[in-house]
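Here is how the chains run, residue by residue.
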Amino acid sequence: MPQSLFDKVWDAHVVEELPGGNALVFVDRLIAIEITTPQPAAEIAEKFADRLFDASRIVAINDHVSPAKDTETAVQAQALRSWAKRHGVVMYDVGANGICHVVTPERGYVEPGITLVCGDSHTCTHGAFGAFALGIGSTAQGGVMLAGAIIMQKPKVLRVNVSGRLGNGATAKDLALTVIATLGFKGATGCIIEYHGSAIEALSMEERMTLCNMAIEAGATTGMCEPDETTIEYLRGREAQPKGEEFERKAAAWRGLKADPDANYEGVVEIDAAKIRTVVTWGTNPGESVSIDGAVPADADAQSLEYMGLVAGTPIRSLALDQAFIGSCTNARISDLRAAADVLRGRRVMIPTVITPGSQAVKRQAEREGLHDVFQDAGALWTHSSCGPCLGLSMGVVAPGMRIISSTNRNFPGRMGAGGRVHLATPVVVAASAVLGRIATPDELPAVQAETAAANR
Amino acid sequence: MIVESRVLALPRANVDTDQVFPGKYLSLISREGFGEKLFEGMPGGRELLASKPGARIIVVGDNFGCGSSREHAVWALVDYGFKAIVAPSLARIFHENAYNNGLVPVIVRDPQAHAACLAAERLSIDVANETIRAEGCEIARFELDPLKKEFLLRGGFMEYLASKVDTVRAWTRRRVS
């Protein structure tokens, strides 16, 4: 029977069928983070003689708040650290770490065809590589630590074909938000989203990660892209990947990992990339978005409007802002920072602006390219890597009523701080909006005088 | 097992786990006192809770528990005292977490039956027989995953996985060869 990409990865990992349509599914890679690992680690230490199925399949990363900001976060980080050390688990810690969904790919710990889990919902990011990657709860993570497997029912597969090429300034983030708006905020619940089509093939790995990162925001179990030469070239030479012939052997297998042409899907959705425009969210979930040229919709949900302090019909570009943030597992990789720097070069921000690289490796690369000077010359704060204010944890949390434009993934009530109002957008839109103090695109910005640009350097 | 109590009705759709348990508390390792933080992230959430003391059943809207995978959301509901959650649908990870922590996930898709649950002052949920009764009359039936129902009624998720270790190891040896 012809199979989807997901079917092939699933079949290669089913250990055994279980009652009730469940399966025991082998896990190739576990990303263990400080927020969700200490609890199952303590339970296993107490009740299961501290056993671990296979330490070599685990990567530990202190990521959400690192370095620790207070006693609680220090205790968490130390719990992960001591557990990793006790079991010989490879660990990325203060100075070499960052957001786990940025660190894992850049170190080469994800690859096509594997199963990967982590106690974080944005684990779907790694589907960009053609892996089956999903977020799980702490108890399920304990099961993986103990037995190397998860229990789950096989999800359905939804195929999203994106034809043509992105243009008109639209980015992978705009595509991700458009997919969510098209399918609906819970439109892909119970399904894997398999992305296909010429527009997907044209995306870089960083763009594919941005796209797959937001699959969860449509309710999907995860997102997946077919591996190709772009995938292989990204992984070549990465720390956790073999070198030489061994890598080439793996790459040859990855090249064969494609959906069969006549595979069956739960549904097929067609999207024309050329029609995608720059979008911004106006509401309180990522499905509530609109073209940046548009207005708050007439049929907008009343509770969302009340929380956001908006009235229907208000033009999006007229919305005045209190803060801007570029960061997160969605949009804080080097290409995102380069795009933001291109907007900010020679300009000044009007509102408090925080720029947080996705990992320490991204930070170092940005600094080699002088991007940190561009940001700081523009008056923005350039920080170390962290999840930061994305989930209201640290380094730029907003106050009640504050309106923030953010390159992150969730605009839920209170997400970036109690009472805070979040508008999700691309790094380029966040940068342009920071300069004008209202929601804007770079084409609205006055041209930078050559001498001003030079003086600011 | 029968769960019977007053009902807390929260009809709103898409209540995400940041509203159930705000991210700023994710740095807590111990699960103690999580109930005190329940719904702190939801506008009017704490007031809603205070309006129905003693409720052990919460009836919620579509797609409850979406967003972050934090099991803390379920821990907070359980710590507060909830034993069952009734919804037209639950987000995948939340649903799984509910099974693993003894919070009975009751899916009632039929809009009329769900509306009846929301309107009820008290409900009686028969977990073993998968039925819901209000004022002595059956108003809805639901289905639980037969395997996870065992974990729900008797616990033992981790013990079950521990019993599979040899099977998984044997599988990995076959896979390599």
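Before going into details, it helps to say that this report is about the structure given with it. What you see is a predicted model, and the numbers here were worked out from it, not measured in a lab.

Conventions and cut-offs
Residues numbered from 1 in each chain as written. Chains lettered and ligands numbered in written order. Predicted model: local features only at pLDDT ≥ 70, side-chain atom pairs only at ≥ 80, totals over all residues. Helix = DSSP H or I, 4+ residues; strand = E, 2+ residues; numbered from the N terminus. Rg over C-alpha atoms; globule rule 2.2 N^0.38 Å. Buried ≥ 20, exposed ≤ 12 C-beta atoms within 10 Å, placed from the backbone. Contact = placed C-beta atoms within 7 Å. Expected span 1.5 Å × (residues − 1). Nonpolar A, V, L, I, M, F, W, Y, C, P; charged D, E, K, R; others polar. Pairing = 2+ DSSP bridges. Axes fitted to C-alpha atoms, helices over the stretch in contact; angles between N-to-C directions. Parallel < 35°, antiparallel > 145°, perpendicular 65-115°, else oblique. Left-handed = near helix turned anticlockwise from the far one by under 90°.

## Details of the overall build of chain B
Then comes step 1: The number of helices and strands found in chain B is eight helices and seven strands.
Then comes step 2: Expected size for 177 residues packed as a compact globule is a radius of gyration near 16 Å; at 17 Å, chain B falls within 12% of this value.
Then comes step 3: In terms of its C-alpha atoms, chain B occupies a principal-axis envelope of roughly 60 × 40 × 25 Å.
Then comes step 4: Across the 177 residues in chain B, those meeting the buried criterion constitute 46%.
Then comes step 5: If you take every contact in chain B between residues at least 6 apart in sequence, the share linking residues at least 24 apart comes to 64%.

## Focus: helix H6 (residues 172-183) of chain A
Residues and elements named next belong to chain A.
Then comes step 1: Helix length check: H6, at twelve residues, gives a terminal C-alpha distance of 16 Å against a target of 16 Å (1.5 Å per residue), a fit within 8%.
Then comes step 2: Counting buried residues in H6 gives ten out of twelve residues, a clear majority hidden from the surface.
Then comes step 3: Considered for burial, the residues of H6 that qualify are Ala172, Lys173, Asp174, Leu175, Ala176, Leu177, Thr178, Val179, Ile180 and Leu183.
Then comes step 4: Those residues of H6 that are buried are in contact with strand E9 (156-163), helix H8 (205-213), strand E12 (267-272), strand E13 (279-281), strand E14 (289-291) and strand E19 (421-424).
Then comes step 5: One or two steps after H6, the chain reaches glycine 184, where phi turns positive at roughly 100°.

## A few points about the interface of chain B and chain A
Then comes step 1: On the chain A side, the residues contacting the 40 residues of chain B number 52 residues.
Then comes step 2: The set of elements that each furnish at least two residues to the side of chain B that touches chain A consists of helix H1 (17-20), helix H4 (92-100), helix H6 (146-154), helix H7 (157-162) and helix H8 (165-176) of chain B.
Then comes step 3: Take the side of chain B that touches chain A: its biggest share by element is five residues, from H4(B).
Then comes step 4: Classifying every residue of the side of chain B that touches chain A gives 18 nonpolar, 13 polar and nine charged.

## Re the sheet that holds strand E2 (residues 22-26) of chain A
Residue and element names in this part refer to chain A.
Then comes step 1: Strands sit in the order E1-E2-E8 across an open sheet of three strands; the sheet is antiparallel. Edge strands, defined here as strands with exactly one partner in the open sheet, are strand E1 (14-18) and strand E8 (149-153). Looking at each pair of strands side by side, their axes are set apart by 25° on average, direction ignored.
Then comes step 2: Sheet topology places E1 next to E2; four bridges connect them, and they run antiparallel. Residue leucine 18 lies in a different strand from E2, and its bridge partner there is asparagine 22.

## What about the sheet that holds strand E16 (residues 353-355) of chain A?
Residue and element names in this part refer to chain A.
Then comes step 1: The five strands are arranged E17-E16-E15-E18-E19 in an open sheet whose pairing can be described as parallel. The open sheet has two free edges, formed respectively by strand E17 (381-382) and E19, since each of these has just one partner strand.
Then comes step 2: As defined by bridge partners, strand E15 (residues 323-326) adjoins strand E18 (residues 403-406) across three bridges and the pair is classed as parallel. Looking at the pairing, phenylalanine 325 lines up with serine 406 of E18.
Then comes step 3: Each of E15, E16 and E18 touches helix H15 (residues 427-436); the most contacted strand, E15, lies at about 150° to it.

## A few points about the packing of helix H2 (residues 38-47) of chain A against helix H5 (residues 138-147) of chain A
Residues and elements named next belong to chain A.
Then comes step 1: Put simply, H2 and H5 touch, their axes get as near as 8 Å, and they point 50° apart. Relative to H5, H2 is oriented oblique. Pair H2 / H5 crosses with right-handed handedness. Of H5, the residues touching H2 (which contributes Gln39, Pro40, Glu43 and Ile44) are Ser138, Thr139, Gln141, Gly142, Met145 and Leu146.
Then comes step 2: Class assignment of the residues belonging to the contact of H2 with H5 gives a composition of four nonpolar, five polar and one charged.

## Quick notes on the pairing of strand E3 (residues 29-33) of chain A
Residues and elements named next belong to chain A.
Then comes step 1: Counting buried positions along E3 yields five of five residues, so the element is predominantly enclosed.
Then comes step 2: Across the two faces of E3 the burial is the same, with Arg29, Ile31 and Ile33 and Leu30 and Ala32 all buried.
Then comes step 3: The pairing of E3 with strand E6 (residues 115-118) spans three bridges and is classified as parallel. Bridge assignment links arginine 29 to a residue of E6, and that residue is leucine 116.
Then comes step 4: As paired elements, E3 and strand E4 (residues 58-61) share four bridges and run parallel to each other. Along E4, the bridge assignment pairs isoleucine 33 with isoleucine 61.

## Here we look at the environment of A:Ile404
Then comes step 1: Assignment of secondary structure puts A:Ile404 in strand E18.
Then comes step 2: Between the alpha carbons of A:Ile404 and A:Met416 there is a distance of 8.8 Å; along the sequence they are twelve residues apart.

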